[in-house]
Amino acid sequence: MNTSVMGLIRQEVKILFELKKTERLWHIPLLVCLGSGIPLLVGWYLGNMAYGALSSLGGLVILHMPPSSLANRMITLLACSFGFMISFAIGVCFSFNPYVSAFVFGVFSFCVHWVVTSIRLKPPRSFFFIMIASMASCMPFHLETIPERIGLLGIGTMIACFLAFVYSLLLTYKKTAQTQLSLGPISTKIQHTDLIESGIVGIFLLLSLLIGHWLELKNPYWIPVSCAAVMQGVSLRHVWQRSFHRILGTLIGLGLCWGLLLVSLTPLILCISIIVLQFVIEMLVLRHYTLAVIFITPMTILLTEAGSVLSYTPSELIFARFIDITLGSLLGSLGGWFIYHEQLRAKADRQLRKARVLLKRW
């Protein structure tokens, strides 16, 4: 028993320090930086960092660009862009009440996860749709500004789609991509496992946002974002690994962020810092998740707090983010346990099949 435990520990330590190989080309991270960096720099130039940061979120849609034909790339990106705007609209339209917002967010998370799973959209799958809806649901509710904010996000997606189009035209393939289409038709057959997994995701994301509101956290969306990131794991062990690596990477990353916040960052330096961090993240995320999280933490803090981060006390901001991300990671680990618990899944599957039979009889 002791030998097996020590072997497992050694294996986990090895994984923690292992740098994986990847076939991802270096110009993909550069393209991502341009997609999110151009709106941010435009916002800086126009003197409105908050608008630039919101448009920059839309630029992240370029991460859904599949390695396939030009037509399929643009169809996928345009569909995901529309999904980004729908996610933001649903979140911000129900932000007038924290509990109504949390309930709608949970239902939306269930629906978007099920749809994305059904069409077999490749990573990052439903994560950014959930992240945008979560952030929007915690924004102050001002009915008259909703169209404007949706439009700003849409501008970011348009810039990203244009960059992807130009990139695809300039890129010459040596051989035809033999990959499955990233956006395919929805299967007419109901997949019970997909429904069960989506239901668990929706419930835990609803609970995570409710906990954030109950604790009266300033930015409660950090909890469901971390929870969703951890539940992206492909197995129970992978989920727990991501949870541990995310907490460890966050702790180190918060130290880096604290150092950046101690420096008097001008708006231009802030933009450049976000762009550089984004490039480093995209270079590392497929190679080493923990190293990537170290840079994800300061990048997301600087980006989401771009309009007000300089007015906060760095120590208070760092402590609040650590609590948020740790809670979210632990909830994600628990959610992953439910997702990959074979007995619970089998029992839920039987109940769904019985319900389906009863509905057919009626």
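Residues numbered from 1 in each chain as written. Predicted model: local features only at pLDDT ≥ 70, side-chain atom pairs only at ≥ 80, totals over all residues. Heavy atoms only, no water.

Asker: Help me get a handle on the overall build of the protein chain, residues and values and all.
Answerer: Helix and strand counts for the protein chain come out as 14 helices and zero strands. Helices (α) and strands (β) of the protein chain occur, in sequence order from the N terminus, as α-α-α-α-α-α-α-α-α-α-α-α-α-α. Here the contacts in the protein chain between residues at least 6 apart in sequence split such that 80% fall between residues at least 24 apart. If you sum the accessible surface of the protein chain, you get close to 18,500 Å²; carbon and sulfur atoms cover 71% of it. (Helix = DSSP H or I, 4+ residues; strand = E, 2+ residues; numbered from the N terminus. Contact = heavy atoms within 4.5 Å. Areas by Shrake-Rupley, 256 points an atom, 1.4 Å probe, with all protein chains shown as cover.)

Asker: Residues and numbers for the confidence of the model for the protein chain, please.
Answerer: Overall, the prediction assigns the protein chain a mean pLDDT of 81, with 79% of residues at 70 or greater. Note on residues 174-190: pLDDT under 50 across the span, and 26 contacts to partners over four residues away in sequence or across chains. (pLDDT = per-residue confidence, 0-100.)

Asker: An account of the nonpolar core is needed here, citing residue identities and associated values.
Answerer: The biggest cluster of nonpolar side chains holds 83 residues, and the ones touching the most others in it are L57, F88, M131 and L205. The leading source of residues in this core is helix α6 (residues 127-137), at nine residues. When residues no more than four places from it in sequence are discounted, the contact partners of F88 are L54, I132, A136, M139, R149, I150 and L153. (Core = buried A, V, L, I, M, F, W, Y, C linked by side-chain atoms within 4.5 Å. Buried < 20%, exposed > 50% of the residue type's maximum accessible area, 1.4 Å probe, protein only.)

Asker: Describe helix α11 (residues 267-284), with residues and values.
Answerer: Over its 18 residues, α11 extends 26 Å from the first C-alpha to the last, a length consistent with the 26 Å expected when each residue adds 1.5 Å. Those residues of α11 not exposed but buried are L270, C271, S273, I274, L277, Q278, I281, E282 and L284. Down the axis of α11, the buried side of the element spans an arc of 160°, and every buried residue falls inside it. Next to the buried residues of α11 lie α2 (27-45), α3 (49-59), α10 (236-262) and α12 (289-304). (Expected span 1.5 Å × (residues − 1). Arc of directions from axis to C-beta.)

Asker: Just give me the short version of the side chain of S198, but keep the residues and values in it.
Answerer: Tracing the backbone through its elements, the reader meets S198 in helix α8 (residues 192-214). Residues contacting S198, with those up to four places away along its chain left out, are F110, H113 and W114.

Asker: Which residues make up the packing of helix α5 (residues 98-118) against α6, and what are the values?
Answerer: Close contact between α5 and α6 brings their axes to 10 Å; oriented N to C, the two are set at 170°. When the axis of α5 is compared with that of α6, the two are roughly antiparallel. Classified by chirality, the crossing of α6 by α5 is right-handed. Of the residues in α6, those in contact with S101, F105, F108, S109, V112 and V116 of α5 are F129, I130, A133, S134 and S137. A class-by-class count of the residues in the contact of α5 with α6 yields seven nonpolar, four polar and no charged. (Axes fitted to C-alpha atoms, helices over the stretch in contact; angles between N-to-C directions. Parallel < 35°, antiparallel > 145°, perpendicular 65-115°, else oblique. Left-handed = near helix turned anticlockwise from the far one by under 90°. Nonpolar A, V, L, I, M, F, W, Y, C, P; charged D, E, K, R; others polar.)

Asker: Account for unusual backbone geometry, naming residues and giving values.
Answerer: Within the chain, R125 stands out as a residue other than glycine whose phi angle is a positive 50°. Positive phi outside glycine occurs at E216, with the angle close to 55°. Among the structural elements, E216 can be located in the loop between α8 and α9 (222-230). The exposure class of E216 is exposed, given its relative accessible area of 71%.

Asker: Outline the packing of aromatic side chains, listing residues and values.
Answerer: Summed over all chains, the structure comprises seven aromatic pairs. Connected via pairs of aromatic rings, a cluster forms that spans F94, F96 and F141. (Phe/Tyr/Trp six-rings, centres within 6.5 Å; stacked < 30°, edge-to-face > 60°.)

Asker: Describe in detail α3, supporting the description with residues and values.
Answerer: Since one α-helical turn is 3.6 residues long, residues separated by three or four positions face the same way. Counting buried residues in α3 gives nine out of 11 residues, a clear majority hidden from the surface. Listing the buried residues of α3 in full gives M49, G52, A53, L54, S55, S56, L57, G58 and G59. Against α2, α4 (70-93), α6, α7 (146-170), α11 and α12 lie the buried residues of α3.

Asker: Give me the lowdown on the environment of I281, citing residues and values where you can.
Answerer: The residue I281 is located in helix α11 in this model. Judged by relative accessible area, which is 4%, I281 ranks as buried. Sequence separation between I281 and M299 is 18 residues; the distance between their C-alpha atoms is 8.9 Å. Residue contacts for I281: discarding those within four places in its chain leaves A292, F295, I296 and M299.

Asker: An account of the packing of α2 against α11 is requested, with residue identities and associated values reported.
Answerer: Where α2 meets α11, the axes come as close as 9 Å, and the angle between the chain directions of the two elements is 165°. When the axes of α2 and α11 are compared, the pair comes out roughly antiparallel. Between α2 and α11 the crossing geometry is right-handed. Contact residues: P29, L30, V32, C33, S36, G37, L40, L41 and W44 in α2; P267, L268, C271, I274, I275, Q278, F279, E282 and M283 in α11. Taken together, the residues of the contact of α2 with α11 sort by class into 14 nonpolar, three polar and one charged.

Asker: Break down the environment of L54 for me, with residues and values.
Answerer: The residue L54 is located in helix α3 in this model. L54 gets classed as buried once you look at its relative accessible area, which sits at 7%. As for L54 and G151, which are separated by 97 residues in sequence, their C-alpha atoms are 9.8 Å apart. In this structure, L54 is in contact with F88, M139, R149, L152 and L153, ignoring residues within four places of it in sequence.

Asker: Tell me about the side chain of H64, residues and numbers included.
Answerer: Looking at where H64 falls in the secondary structure, it is placed in the loop between α3 and α4. Residues contacting H64, with those up to four places away along its chain left out, are T76, L77, C80, F84, L121, P124, R125, F128 and F129.

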